[in-house]
Amino acid sequence: MSAPNRPQPLTPYLFLLPALLLFVVFSIYPFFLLTATSFLSWDGVFPKNPFENVQTFLQHAVGFQNYREIFAGDPVFWTSFVQAGTITLLALTLQNALALLLAIAVNRKLPGVGLYRTIFFLPPILSEIVVGLMWFWIYDGHFGILNEAIRWIGRTTGLAQLAGWRLAWLANPKTALLAVAIIHMWKGFGWGFVMFLAGLQTIPEELYEAARVDGASAWARFWHITRPLLVPVMVVVSILTVLGTMQIFALIIATTGGGPGYHTEVPITRIYQSMLGSSRFGYACAQGIVFGLTLLTVSLIQMRFQRRATS
Amino acid sequence: MIRKHNHLPHRMTAWCLALVSGGLLLNVAGCGKPAAKGPAPLRVWHWMTDREAAFNELAKRYQAGTGQQVRFELYAPSEVYAQKVRSAAQTDGLPEIYGILGEMRDVASFVNAGHVLSLEEAMQQDSSPAWRSVFFPSALATNAFQPGNAYGVTPGVYAVPIDVMNVQFFYNKKLLAQLGLNPAAPPATWKDFLSVGKLAAARNLLGFVSGWSELWLLDCFATDYAIHTMGAKKLEATYRGQVPYTDPEWMKALNLFVELRDSGVVAEGIVAMGNKRAEQLFANEQAVFAFNGTWGVNVYRSMNPQLDYGIMMPPRVLDRPMVTWGGAGSSFFVNAKSPRRDEAVAFLRWLTEEPQQRYLVEATHNIPSNRLAAVGLPQHLAEFADDMAATVHPRLFAVQEDSAVLETFDKGLQSILIGEATPEQVAKEVQVVKRRIMSREASRRPAHVRP
């Protein structure tokens with residue numbers, strides 16, 4: 001006897017309701033409020049609620065002026081995109097390559113592997129502010145350990161240029177962004193490492209054994225077995241790397257504050273400056289929308305690549 | 001067996017439900033009003049966490065004298081505090097007394113939104129001595145709106161400071177002597193100051209440090225020299241848009257930063273240096289000069305009690321008196337929407353009286369806002385207090401510069417210091433932003449007030 005077409009029970013939907021309510025209250029509603037605020041000239045204090053009535057809203061509405069200013073009159077905001085993009089590019093390549101290499105190394109049955117896993121995962125669990133301050137000392141122009149190491153090399157090798165080395169890495173416009181990128185990559189590679197390691201452990205050993213029997217070299221095994229089976233993990237790691245790096249903020253505040261000049265400004269520091277430095281909440285919201293849409297576009301492109309790669 | 005397995009999830013669910021319900025009940029019980037014993041405490045919000053012990057002691061004394069409990073709630077860092085106050089203003093959750101971090105424009109918004117009580121009436125009430133008269137004039141003026149101000153705020157005083165500060169040069173006497181200079185007569189002119197750069201470098205010392213990655217401190221220095229070289233009126237005219245930043249006198253002021261860089265007196269990397277780092281370098285006797293505020297006295301005392309230093313006005317470029325940024329202090333505002341605003345005013349009146357101000361000097365090593373308590377200050381604080389008459393503060397101008405213009409200007413100064421921009425380039429860039437801001441403001445002004 002087949003079951004008649006009974007109405008679906010309501011219970012599953014009731015279970016979903018609390019989560020849905022939380023999502024609507026804490027994500028959807030703020031998003032709409034943010035979008036509406038992006039069309040205002042408002043300092044966040046007066047008037048208390050610019051949406052109180054139509055008249056108050058219209059008094060502070062500026063149409064698309066905030067967006068026009070972003071696209072036509074705020075070159076620093078776009079420079080900050082390029083700078084965050086540069087750090088992201090470095091993180092996508094160098095940081096993730098290092099994470100993959102270390103994951104492959106640790107995936108073997110070697111003595112002390114557990115210790116290495118712990119060590120490699122230490123930087124990500126440290127606070128960004130702590131990491132920033134630690135590296136600030138390393139990079140210090142006068143008494144930093146990096147300059148001291150270079151001078152020591154200079155003294156021991158007799159290279160006069162290195163023996164007298166003095167460079168304020170974070171204050172020099174040529175090195176500041178790269179110096180910050182190195183800190184970010186040092187702090188971030190542990191996440192990729194853990195994910196790659198988890199991915200590697202899901203690849204059946206039999207595949208490698210069969211390849212060995214067929215005489216495949218180590219490189220061939222990596223290229224034809226490891227690489228394709230790790231593609232989904234790689235895509236997830238790269239999406240997280242892009243999203244995490246583009247939103248870099250605390251590290252910048254702890255090391256350079258966006259300087260020297262505008263050389264290490266990133267989108268979030270610019271949004272923060274508009275909101276709390278200039279008290280331009282409407283403009284900051286518009287910057288947030290533009291930034292969010294950019295990240296969304298990049299993520300969609302990456303997901304498209306994933307679909308193509310896995311098919 | 002099967003039955004047993006089926007019961008397990010139910011039992012777990014029951015336990016979970018009991019735990020959640022218990023938690024909720026506890027929360028609800030916690031939300032109830034506490035058993036009332038006397039009047040509720042007056043709440044005070046501020047960001048000066050380093051003064052917590054002193055504030056709590058004063059709260060105890062006030063309670064002992066009046067029976068009124070006061071609770072200081074201090075939040076750091078200051079950026080987080082600034083957000084907290086704005087959020088509280090949005091929800092009408094401000095305490096009876098609080099501080100506002102920001103420029104006059106921000107204070108004006110709080111006033112216009114009805115969050116700040118005018119203290120003008122309280123200031124004019126008869127008391128001996130009159131409340132207004134006990135303060136350093138500049139300290140009170142930085143908390144007042146003048147008639148015809150640009151924000152449409154009713155003129156008057158809106159906050160009281162509990163201390164005052166200014167920013168000057170600290171110099172290390174021992175290091176000056178090591179460089180062959182007289183520690184009793186530190187370089188008073190710009191030329192003599194710059195000459196210290198080479199002497200310091202020869203001894204592997206830093207000439208001058210300051211937290212110039214923090215733009216406001218760099219701006220203090222620039223404001224001092226802008227006023228010194230061109231006068232306060234011209235600076236204000238620039239803010240009004242009547243004098244361009246490309247004016248020859250502005251170029252002279254900007255060129256001082258080229259001279260600073262070329263002399264080698266400024267520490268390499270000063271543009272990435274936070275003030276905490278600069279304070280460490282000076283306290284560790286690695287730098288001869290530091291540009292820092294009154295609070296430095298307390299900071300250096302805690303970092304290196306043996307440090308032998310003096311305080312001097314910034315070295316003058318021209319043969320005319322030098323000015324120094326300051327005059328303002330940590331100020332308290334009264335919440336106009338609080339039903340207990342009169343009690344709040346009474347507490348602030350008590351807090352700024354001479355005995356409490358003297359206690360704050362002892363406990364926090366700052367210049368008191370009450371002039372009567374500033375008599376007989378410790379040596380270093382007295383050196384700062386002596387120059388209070390020479391202080392300047394952007395809040396005292398009828399107009400303030402837009403923050404975007406200030407940021408472009410200060411970032412430009414950083415670019416000059418690292419040698420990637422000339423004063424001419426910086427001036428042009430700042431003027432472009434200034435023009436953009438002015439046209440934006442003009443377009444938003446109602447048609448009937450447009451020029």
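Residues numbered from 1 in each chain as written. Chains lettered and ligands numbered in written order. Predicted model: local features only at pLDDT ≥ 70, side-chain atom pairs only at ≥ 80, totals over all residues.

Chemist: Explain the sheet that holds strand S9 (residues 206–209) of chain B to me, please; I cannot follow it from the model alone.
Modeler: Within a sheet, neighbouring strands are paired by backbone hydrogen bonds and run either parallel or antiparallel to one another. All names here are of chain B. Strand order across the open sheet formed by four strands is S9-S10-S8-S11, with mixed pairing between neighbours. With partners counted over all chains shown, the strands left at the sheet margins are S9 and strand S11 (309–312), one partner each. On average, each strand axis in the sheet is tilted by 20° relative to the strand beside it, whichever way the strands run. Relative to strand S10 (residues 287–293), strand S8 (residues 167–172) runs antiparallel, the two sharing five bridges. Along S10, the bridge assignment pairs glutamine 168 with asparagine 292. Contacts between helix H12 (residues 275–283) and the sheet are confined to S8, S9 and S10, with S10 contributing the most and set at about 140° to the helix. (Pairing = 2+ DSSP bridges. Helix = DSSP H or I, 4+ residues; strand = E, 2+ residues; numbered from the N terminus. Axes fitted to C-alpha atoms, helices over the stretch in contact; angles between N-to-C directions. Contact = placed C-beta atoms within 7 Å.)

Chemist: I would appreciate a short explanation of the nonpolar core in the present structure.
Modeler: The nonpolar side chains of a soluble globular protein tend to be buried, and buried together. The biggest cluster of nonpolar side chains holds 184 residues, and the ones touching the most others in it are Tyr158(B), Val209(B) and Ala287(B). Here the element with the most residues in this core is helix H10 (residues 176–201) of chain A; it accounts for twelve residues. Residues within four places of Tyr158(B) in sequence aside, it is in contact with Val107(B), Val111(B), Val116(B), Ser118(B), Leu119(B), Asn143(B), Ala144(B), Phe145(B) and Phe333(B). (Core = buried A, V, L, I, M, F, W, Y, C linked by C-beta atoms within 7 Å. Buried ≥ 20, exposed ≤ 12 C-beta atoms within 10 Å, placed from the backbone.)

Chemist: When you look at the interface of chain B and chain A in this model, what are you seeing that I'm missing?
Modeler: Note on interface size: it is often stated as the accessible area lost on association of the parts. Contacts between the two partners involve 30 residues from chain B and, on the opposite side, 26 residues from chain A. Its residues placed into classes, the side of chain B that touches chain A shows ten nonpolar, ten polar and ten charged. (Nonpolar A, V, L, I, M, F, W, Y, C, P; charged D, E, K, R; others polar.)

Chemist: What's the story with the packing of helix H4 (residues 75–106) of chain A against helix H14 (residues 267–277) of chain A in this structure? I'm lost.
Modeler: The relative placement of two packed helices is expressed as an angle between their axes plus a distance between the axes. Residue and element names in this part refer to chain A. With their axes 8 Å apart at the nearest point, H4 and H14 run at an angle of 150° to one another. Our classification of the angle between H4 and H14 gives roughly antiparallel. Within the contact between the two elements, H4 uses Val76, Phe77, Ser80, Phe81 and Ala84 and H14 uses Pro267, Thr269 and Arg270. Tallied by class, residues from the contact of H4 with H14 come to five nonpolar, two polar and one charged. (Parallel < 35°, antiparallel > 145°, perpendicular 65-115°, else oblique.)

Chemist: Explain the domain arrangement of chain B to me, please; I cannot follow it from the model alone.
Modeler: Residue and element names in this part refer to chain B. As far as domains go, chain B holds domain 1 (42–164 + 328–382) and domain 2 (167–324 + 399–444). Between domain 1 and domain 2, the C-alpha centre-to-centre distance is 29 Å. Contact with domain 1, which involves ten residues of that partner, is made by eight residues of domain 2. Only helix H4 (104–112) and helix H16 (379–385) provide two or more residues apiece to the side of domain 1 that touches domain 2. Of the residues in the side of domain 1 that touches domain 2, the class split is four nonpolar, four polar and two charged. (Domains from an automatic or database assignment.)

Chemist: I tried to follow the sheet that holds strand S13 (residues 331–334) of chain B on my own but got confused; where do I start?
Modeler: Residues and elements named next belong to chain B. As summarised here, the arrangement of the five strands in space is S2-S1-S3-S13-S6, forming an open sheet in which the pairing is mixed. Two strands lie at the open edges of the sheet, namely strand S2 (70–74) and strand S6 (160–161), each paired on one side alone. Here helix H14 (residues 341–351) sits on the sheet and contacts strand S1 (42–46), S2, strand S3 (97–98), S6 and S13; the angle it forms with S13, its principal contact strand, is near 160°.

Chemist: What is the right way to read the domain arrangement of chain A from this model?
Modeler: Residues and elements named next belong to chain A. For chain A, the assigned domains read domain 1 (23–63) and domain 2 (76–310). Placing a centre on the C-alpha atoms of domain 1 and another on those of domain 2 gives a separation of 36 Å. With ten residues of domain 1 at the interface, the matching set in domain 2 holds seven residues. A breakdown of the residues in the side of domain 1 that touches domain 2 according to their chemical character gives four nonpolar, five polar and one charged.

Chemist: Would you mind going over helix H15 (residues 281–310) of chain A with me for this structure?
Modeler: Think of an α-helix as turning once every 3.6 residues; residues three or four places apart then point the same way. Residues and elements named next belong to chain A. Across its 30 residues, H15 extends 43 Å between first and last C-alpha, which sits within 8% of the 44 Å expected from 1.5 Å per residue. Among all positions in H15, only Phe281, Gly282, Tyr283, Ala284, Cys285, Ala286, Gln287, Gly288 and Phe291 are buried. Those residues of H15 that are buried lie in contact with helix H1 (11–37), helix H3 (65–73), H4 and H14. (Expected span 1.5 Å × (residues − 1).)

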